[in-house]
Amino acid sequence: MASAGPAPRMSMTDIGTGSCTVFTQVAAELMGLPMDREHMLLGDSDFPEAPGSGGSFSAANAAAGVFDACTHLRTSLAQRLGVDPAVAVFARGRVRAGLSHHAGQGNGGAGMRRL
């Protein structure tokens, strides 16, 4: 069984409108993980506040928070691994330095680090 990835948390609940799936997709895409390694924790009043549950309104607004949190996490992880966040590539549970728009070429996969 694969180890779990990051677990974004928020106080809102998913009332069957698919919000949890949207949040999972956003986090998995940004962190370079398959969806089965990403999971959301919802519905606990101790978690950060989020808009109320209400269909696409909730998904759109709270997904922006998931996006921001994952963006900050990507920056932090890249820096800890010694990879420039501006060129960090998160894919298949690993982080590597990707193509730099300045250099024009990558490092051929060298320096891959497992998440």
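A. Expanded view of helix 1 (residues 19-31). Over its 13 residues, helix 1 runs 18 Å from end to end, which matches the ideal 18 Å to within 8%, given 1.5 Å per residue. The inward-facing, buried residues of helix 1 abut strand 1 (9-10), strand 2 (41-42), helix 2 (56-80) and strand 3 (88-91). Two residues or fewer after helix 1 comes Gly32, characterised by a positive phi angle close to 70°.

B. Representation of the nonpolar core within the structure. Met10, Phe23, Val66, Cys70 and Ala88 are the most contacted members of the largest nonpolar core, which totals 17 residues. Residue assignment for this core shows that the elements contributing at least two residues are helix 1, helix 2 and strand 3. Excluding anything up to four places from it in sequence, Val66 contacts Pro8, Met10, Phe23, Val26, Ala27 and Met40.

C. Representation of the environment of Met35. Here Met35 is to be found in the loop between helix 1 and strand 2. For Met35, a relative accessible area of 39% corresponds to the partly exposed category. Between the alpha carbons of Met35 and Thr21 there is a distance of 9.1 Å; along the sequence they are 14 residues apart. When sequence neighbours within four positions are dropped, the list of residues in contact with Met35 reads Thr21, Thr24, Gln25 and Ala28.

About the cut-offs
Residues numbered from 1 in each chain as written. Predicted model: local features only at pLDDT ≥ 70, side-chain atom pairs only at ≥ 80, totals over all residues. Heavy atoms only, no water. Helix = DSSP H or I, 4+ residues; strand = E, 2+ residues; numbered from the N terminus. Expected span 1.5 Å × (residues − 1). Contact = heavy atoms within 4.5 Å. Core = buried A, V, L, I, M, F, W, Y, C linked by side-chain atoms within 4.5 Å. Buried < 20%, exposed > 50% of the residue type's maximum accessible area, 1.4 Å probe, protein only.

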